[in-house]
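Notes for the structure review
As a plain string of letters, each chain reads:
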Amino acid sequence: MKARKRLIATAILTLSFGVSLRSALAQAQVNDKQHGTVIGNAIMYVSPDLNSAKVARPSRGRDTWLMGQSSIDGKEWAHIMVTMSQNTFSAPRTVTGWTDARLVITSATPNGDQIIFGEAVQAEHEADNGVKDADQEAMRLYYRIYEYFPDSPLAAESLWHAADYQWQLEKSGVFARPSAREISPDARQEIDEETMHKLIKKFPRTKWADLAAYDLLDNKICGSWKGETRCPEKEADLYEHYAHEHPQSPKAAEALYKAAWRQAALVDMYKGKERDKGEKAKRRAMDIAQEISAKYPEGDWKPRAAQLVFALQQGLEVTTESERQSGKQN
Amino acid sequence: MKVSLLAAIVTFLALIGSASAAERATIVRSSGLFASPAQSAEKLMTVERGTGLTIQDKRDVDNEPWVKVSVSVLGNTQNEPAREVTGWLPAKPVVSASTQNADQIVYGEAVDSERQAEQRGGRKGAADDAMRLYYQVGQLFPNSPLAAESLWRSADIRWQLARSSRKPLEDQYLREVISKFPNTKWADQAAFDLVDSQLCGDWNGLPDCPAKEAEAYERYAREHPQSPKFGAAIFNAASRLGTVADMYRMSNQKEKAAAAHNQAMALAKEVAGNAAMGEWSYRATTLIYKLQQNIPLYGVPDEGP
């Protein structure tokens, strides 16, 4: 309703300057659908002229506001304002300039959500092949879909991809620091949960919310076990609880396997010390492995559970000392 | 006459006996191979996960089970023949056809090794372990529901390892998947890997290579319409033809550029909007947009419209 009122107001205002109703409505539509991003190697110029000074090179996924368009010699130019980040110490700045209109995708572009999504997948492939900053671009592209195409069928998945990228980037930094070698998760910096919580709130009871909840467990696991049995015990509980809370999650079987693996690690840790506790952990690991076989017969987790059961039955160690130290494997 | 017949029967039964005693197996933990069944005995070699074994004897020593096995060890060079090494292994990590859920155990260990290989700081040699373990599932349990997938995963790991280390690509393992499990999605995927051997590597700015690669991908797609790689093949063909169009445009061959452009569009439209194609559907939609807008796919990007 608000949008419609704004469109009519813009149309009347434009008419008063002697422009036809049709172009006024078109202009109003541009104003209403002006946000988006760039999908290629865009270069911004001071004016719509290749010979004018270059202002910036906004990377894919940057938040872009389409302020106007101009056709010069049959070529389409877009007048855009882009939010650019500078460095760790400086706040983002906005840059205004002219660029190739073909590279600007807004919510008014037909199939705009799919075009940006395809570009994000492309950026992900580039990141996998070692292209610098392609992961950041993928993250931003996905976020723009959620931001500017909230009703798209791709919105939830896109927000998940963006949130997960941000999470994994931050996680690799947090777990690389010395504080991550402490037992308590409180000893290290918490990975920012805001976007994950936003996803769970906006798209509850979806597989994307389930995946977000799984990522959040990273903030609760021990940095290093340091031979302390309370760590695998606590982590096994966390993962088992997750699997039972989110039985439809694509990560449910993996969570159960992680719980079983930690119980099996406890068997190794109790070996030669507390036999009763070791036996209890072994039974628990076997029960959880059985649950995996029964509930998730498809995919890799059933064979992995069978392999874990075999290792327990034969008394084979399931972990190496370094794995027990880090507590991060499997 | 009777004596010779009896001797033949005895020999035949002995052969059956030795054949059944010689059980094939593999191992799911690396272990030393010893000259006699004791950890203190002379260590002959280390047997890695997924090594093919032939069990010759079994024995319990101090309540610990041991197996006498022969292992085939490849020569150091291609011309040096393989040799058999016989020795004793602790029996606990050895999995044979008589082990319950043996196929799943070996497959599970293979998956575990594959994950290790993908982890930063994962176990050294884990990718090779995974490759051997998967291969053993296909060899030891050919009737397992996991056999085809295992053989494919093993062949694919071998192929990817050769590609990443720029070693010559040996296609015999991928062809084994195709011949043993024809008309399966695993055979389709093996055939997709084989397209790699038809790729140029460096295009040198000329349209011949991407055009040839586009042909190879499209041929694959037409021959394997049910393949999980159909979308990837069509997209790869379309994007290469888009590149060919750019190359012809840059050399002012307008007709050829237009033809390649139209072919690329037609191919991309086969995949775009088809949810069954997953991510390839969206990548094709983006490609169509770029082709429609004449956004360059190859070379130095235009500095403006």
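About the criteria used
Residues numbered from 1 in each chain as written. Chains lettered and ligands numbered in written order. Predicted model: local features only at pLDDT ≥ 70, side-chain atom pairs only at ≥ 80, totals over all residues. Helix = DSSP H or I, 4+ residues; strand = E, 2+ residues; numbered from the N terminus. Rg over C-alpha atoms; globule rule 2.2 N^0.38 Å. Buried ≥ 20, exposed ≤ 12 C-beta atoms within 10 Å, placed from the backbone. Contact = placed C-beta atoms within 7 Å. Nonpolar A, V, L, I, M, F, W, Y, C, P; charged D, E, K, R; others polar. Core = buried A, V, L, I, M, F, W, Y, C linked by C-beta atoms within 7 Å. Pairing = 2+ DSSP bridges. Axes fitted to C-alpha atoms, helices over the stretch in contact; angles between N-to-C directions. Parallel < 35°, antiparallel > 145°, perpendicular 65-115°, else oblique. Left-handed = near helix turned anticlockwise from the far one by under 90°. Expected span 1.5 Å × (residues − 1). Arc of directions from axis to C-beta. Domains from an automatic or database assignment. pLDDT = per-residue confidence, 0-100.

What follows concerns the overall build of chain B. The secondary structure content of chain B amounts to 10 helices and seven strands. Relative to a compact globule of 305 residues, whose C-alpha radius of gyration would be 19 Å, chain B shows 27 Å and is clearly more extended. Principal-axis analysis of the C-alpha atoms places the extent of chain B at approximately 90 × 55 × 40 Å. Across the 305 residues in chain B, those meeting the buried criterion constitute 42%.

This part is about the interface of chain A and chain B. Residue-level contacts link 29 residues of chain A with 25 residues of chain B. For the side of chain A that touches chain B, the secondary-structure elements that each account for two or more residues are β5 (75-84), α3 (112-128) and α11 (301-314) of chain A. Residue classes in the side of chain A that touches chain B are distributed as 12 nonpolar, nine polar and eight charged.

Moving on, we get to the nonpolar core. Counting residues in hydrophobic clusters, the biggest one holds 155 residues, and the most contacted among them are Leu256, Ala260, Ala264 and Leu308 of chain A together with Leu89, Ala238 and Ala268 of chain B. Looking at this core element by element, the count peaks at 13 residues for helix α9 (residues 252-270) of chain A. Contact partners of Leu256 of chain A, with chain neighbours within four places excluded, come to Glu240, Ala243, Ile288, Glu291 and Ile292 of chain A.

All names here are of chain A. In this structure, strand β1 (residues 35-38) lies alongside strand β4 (residues 64-72), joined through two bridges in antiparallel fashion. Across the sheet, the residue bridging to His35 is Trp65, located in β4. Sheet topology note: the β4/β5 ladder contains eight bridges and is antiparallel. In the strand pairing of β5, Thr64 is matched with Val82. Taking the residues that link successive antiparallel strands as the turn, the β4-β5 hairpin has two residues, and the phi of Asp73 there is positive, at about 50°.

All right, on to the packing of helix α7 (residues 208-223) of chain B against helix α8 (residues 230-250) of chain B then. Residues and elements named next belong to chain B. Here α7 crosses α8 at 155°, and the two axes come no closer than 8 Å. Taken together, the axis directions place α7 and α8 in an arrangement best described as roughly antiparallel. Viewed along their axes, α7 and α8 form a crossing whose handedness is left-handed. Contacts between α7 and α8 involve Pro210, Ala211, Glu213, Ala214, Tyr217, Glu218, Tyr220 and Ala221 from the first element and Phe230, Ala233, Ile234, Asn236, Ala237, Arg240, Leu241, Thr243 and Val244 from the second. Of the residues contributing to the contact of α7 with α8, the split by class is 12 nonpolar, two polar and three charged.

Right, let's get into helix α8 (residues 230-245) of chain A. Residue and element names in this part refer to chain A. The terminal C-alpha atoms of α8 lie 22 Å apart, and with 16 residues this matches the ideal 22 Å at 1.5 Å per residue to within 8%. Residues Cys231, Pro232, Glu235, Ala236, Tyr239, Glu240, Tyr242 and Ala243 constitute the buried set of α8. Taken down its axis, α8 places every buried residue within 155° of arc, on the same side. Opposite its buried face, α8 presents the exposed residues Arg230, Asp237 and Glu245, each directed more than 90 degrees away.

Let's shift gears to the domain arrangement of chain B. Per the domain assignment, the segments making up chain B are domain 1 (19-96), domain 2 (100-193) and domain 3 (199-305). A straight line from the C-alpha centre of domain 1 of chain B to that of domain 3 of chain B covers 52 Å.

Residues and elements named next belong to chain A. One way to put it is that helix α6 (residues 194-202) packs onto helix α7 (residues 207-216) with a least axis distance of 9 Å and a crossing angle of 150°. It follows from the interaxial angle that α6 and α7 lie roughly antiparallel. In the crossing of α6 with α7, the sense of the turn from one axis to the other is left-handed. The segment α6 lies against α7, with Met196, Leu199 and Ile200 engaging Trp208, Ala209, Ala212, Ala213, Asp215 and Leu216. In terms of residue class, the contact of α6 with α7 is built from eight nonpolar, no polar and one charged.

All names here are of chain A. Considering the arrangement of structural elements, one finds Gln69 in strand β4. What makes Gln69 partly exposed here is the crowd of 16 C-beta atoms within 10 Å. It is 5.8 Å that separates the C-alpha atoms of Gln69 and His79, two residues lying 10 residues apart in sequence. The contact partners of Gln69, leaving out residues within four places of it in the chain, are Glu76, Trp77, Ala78, His79 and Ala101.

What follows covers unusual backbone geometry. Excluding glycine, most residues fall at negative phi; most peptide bonds, likewise, are trans. Located in the positive-phi region is Asn111 of chain A, a residue other than glycine, with phi close to 60°. The residue Asn111 of chain A is located in the loop between β7 (104-106) and α3 in this model. Even without glycine at this site, Arg166 of chain B takes up a positive phi of about 55°. The topology assignment puts Arg166 of chain B in the loop between α4 (147-164) and α5 (172-180). Taking the number of C-beta atoms within 10 Å as the measure of exposure, Arg166 of chain B has 8 and is therefore exposed.

Moving on: the pairing of β1 of chain A. Note that β1 of chain A and β7 of chain A share three bridges and pair antiparallel. The partner of Thr37 of chain A across the bridge, within β7 of chain A, is Ile105 of chain A.

Glancing now at the confidence of the model for chain A. Summary statistics for chain A give a mean pLDDT of 87 and a share of 85% for residues scoring 70 or more. Low pLDDT, under 50, characterises residues 1-32 of chain A; the stretch is placed with 21 contacts to residues that sit more than four places away or in other chains.

What follows is about the environment of Ala138 of chain A. Residue and element names in this part refer to chain A. Considering the arrangement of structural elements, one finds Ala138 in helix α4 (residues 134-148). By C-beta crowding, Ala138 is classed as buried, having 25 other C-beta atoms within 10 Å. With 158 residues separating them along the chain, Ala138 and Tyr296 place their C-alpha atoms 32 Å apart. Excluding its chain neighbours within four sequence positions, the residues that come into contact with Ala138 are Ala120, Ala123, Glu124, Ala127 and Tyr165.

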